[in-house]
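Overview (structure and organization)
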Amino acid sequence: MNFTSVNPYTQQKINSYPALGAQALDRKIRQADRAFADWSALSLENRSGFFRKVAAYLRSEKQRYGELMTAEMGKTLKESIAEVEKCAVGVDYYIEHAPTFLADLMIPTEAKTSFVAYQPLGAVLAIMPWNFPFWQVFRFAVPSLLAGNVGLLKHAANVSGCSLAIEEIFRACDFPTGVFQSLLIESKTVETVLKDARVKAVTLTGSEKAGASVASIAGSQIKKSVLELGGSDALIVLADADLEKAAKVAVQSRMQNAGQSCIAAKRFIVEKAVKTEFTDRVLQHIQAIKQGNPMDDTTTMGPVARMDLAEAIERQCAETVRQGARVLHSGNRDGCNIQPILLDKVKPGMSGFDEETFGPLAVIVEAKDEQDAVKLANQSNYGLGSALWTKDLDRAERLARQIQAGSVFVNSLMRSDPRVPFGGVKLSGFGRELAEVGMKEFLNIKTVWME
Ligand code: NDP
C-alpha cells in the first residue's frame, strides 16, 4: 500500500510514500512509549529549549514548507507561508505561557497542603486533516509535547509529504527519538493503534464520520478523546452593522483556503432591511477573487484539495439551486478549480443550509429581525464558530450568549488564535484546543492532599 500525493491544481502526481508495515508501526509505538519516560522527566525549561529551535526553524524554512503544502493541497503560497508563520507564533505563545499554565494550583483546605499538579499521560495519537496541514498538527503538538506528552501523527492520506516534513522538523531540532513521529497508516489501522495500551489518548480533527468512529474506539478502551469536527458557521449581519467591513470579512472568512475551513462563515444570515445592500457588497468582493495557480503571487484562491471535494461542492450547489436558491455568482469548475459561488434565497431544508459545505460556496439567508437571525443560526446540527456584526456591543453581548457555538466573534473574523480556546458543541465535537484549557486536555489533573 502506497500513499500518493497529487497536485490538485495540475492533477500531476507529486510522490508516493509506502505505508508503515505492522512491525515498523509497532517499533514506532515502542519508541514513543520509551521516549515518554525521559521526555516527561525533563524540566519545562528544558523542553522549551527544544521548542525555541522549532520556532526559529519554521521561520527559516517557511518558503520550502509553504511550497510543499501548496503543492499537496492547493492553498495559495501566501496562505501556506502564513500558516507556517502561525505555527511559529503558536510555539512562542506556549513557551511564554506554559510555566503559568502548568504551575501547581494551590487550593486552601483544612489539609496542611492541598494542590493540583498537571502531569502528562504518555503517547497521544493525533489524527489530522489536510486543510491546514501544518497548523492543525502544531496546535496539537506544541502544548501536548511541551507539557511532557509524546505525539504520534496519523495525517490525512493526501498530505503525506507534509506529515513527513513535520516529523523532519522535530528531528532537525534535535528532539529525542520517539517524542514526535509520523505514522503513514491507513485510517483502518487507527483502531490497532488506539487499542494499543501504550497509546493513552486521541485527538481528531475531521468529519463527523471519522470522529464518531474514533471516539467509539477510544470509549471502548476508556481513553480520552478530543474531537474537532465540521461546522456550518453562521455569520449574522444586523441592520446597524458596518456593511462594507462585514461583507469584506464575510467573503474572506468563506473563501480563504478555497472555502475549506471548519470555521469558515458558511451561512450569511442577514437582516432583511440591509440584505440587498450587503449582498451587493459581497458580490463585489467575490467578483474580485482571482482563482488560479496557487503558486502565482496574484492568485487569491487556489483549487480545492481533492476531486471528490470538488464534486461534493458541485452537488451541494446544484441541489440547493434545485431546492429554490438563486445563483448570483456561478462557480464554473475545471477539475479541482472552482470559481467562487454565491447563492441567494437559501433557507433551512436546502443542502446549502443544512449540510457542511467545504468549498468556495457562500449562501445568503434572510432573517426578519435579530431573534429570527439567532434562531436561524442555531438551526444547525453543528456549533463550531460564529460571527455577529452589529455596532451595538450591549446587544452583541446579549445575542452572543444565545448562539449555540464554541465561539462567537463580534465585528471580526472568526479564527483560531492560540490565546483563546477553540472547539465546538453539537456535531462539531467536544473538548477544546489551544489556550490554557487546550493544554490541559491531555494531562492528569492530579489532586494532592497532605495532612
Ligand atoms: P476525514 O474526516 O475523512 O479525514 C480527516 C482525517 O481523519 C484524516 O487523517 C483521515 O485519514 C482520518 N480518518 C478518516 N476516517 C477515519 C476513520 N474511520 N478512523 C480513523 N481516522 C479516519 O475528512 P475528509 O478529508 O474526507 O473530508 C470530508 C469532510 O470532512 C469535509 O468535506 C469536511 O466536511 C470535513 N472536514 C472537516 C475538517 C475540519 O477542519 N473540521 C477538516 C477536514 C475535513 P485518511 O485521509 O487516511 O482517510
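Residues numbered from 1 in each chain as written. Predicted model: local features only at pLDDT ≥ 70, side-chain atom pairs only at ≥ 80, totals over all residues. Heavy atoms only, no water.

Moving on, we come to the sheet that holds strand β3 (residues 105-106). Taken in spatial order, the three strands of this open sheet run β3-β4-β22, and their pairing is antiparallel. Unpaired on one side and paired on the other, β3 and β22 (443-450) mark the two borders of the sheet. (Pairing = 2+ DSSP bridges. Helix = DSSP H or I, 4+ residues; strand = E, 2+ residues; numbered from the N terminus.)

Burial along strand β18 (residues 386-389) is two-sided: the residues Ser386 and Leu388 and Ala387 and Trp389 are all buried. Judged from the two bridges that link them, β18 and strand β19 (residues 409-410) form a sheet pairing that is parallel. Its bridge partner being in β19, Ala387 is matched across the sheet by Phe409. What joins β18 to β19 is helix α14 (residues 393-400), and the crossover it makes is right-handed. (Buried < 20%, exposed > 50% of the residue type's maximum accessible area, 1.4 Å probe, protein only. Right-handed = clockwise from strand over helix to strand, strands pointing away.)

Let us now look at the confidence of the model for the protein chain. When pLDDT is averaged along the protein chain, the result is 98, and 100% of the positions lie at 70 or above. On the interface metric, ipTM, the complex scores 0.96, and its pTM is 0.98. (pLDDT = per-residue confidence, 0-100.)

Ranked by size, the top nonpolar core spans 145 residues in total, and within it Phe51, Leu125, Phe134, Phe138, Phe268 and Phe278 carry the most contacts. In terms of residues, this core owes the most to one element, helix α4 (residues 77-101), which gives nine residues. Both domain 1 (2-229 + 428-450) and domain 2 (234-417) contribute no fewer than three residues apiece to this core. In contact with Leu125, not counting residues within four places along its chain, are Leu152, Lys154, Leu183, Val190, Val193, Leu194, Val199, Ala201, Val202 and Thr203. (Core = buried A, V, L, I, M, F, W, Y, C linked by side-chain atoms within 4.5 Å. Domains from an automatic or database assignment. Contact = heavy atoms within 4.5 Å.)

A sheet is described by the order of its strands in space; here six strands give the open sequence β7-β6-β5-β8-β9-β21, paired in mixed fashion. On the outer flanks of this sheet lie β7 (180-182) and β21 (429-430), each paired with one strand and no other. Two strands pair when backbone bridges link them, and strand β8 (residues 199-205) and strand β9 (residues 224-228) are joined in this way by five bridges, in the parallel orientation. Its bridge partner lying in β9, Thr205 is registered against Glu228. Set on the sheet, helix α8 (residues 208-220) makes contact with β5 (123-127), β8, β9 and β21; between it and β8 the angle comes to about 165 degrees. (Axes fitted to C-alpha atoms, helices over the stretch in contact; angles between N-to-C directions.)

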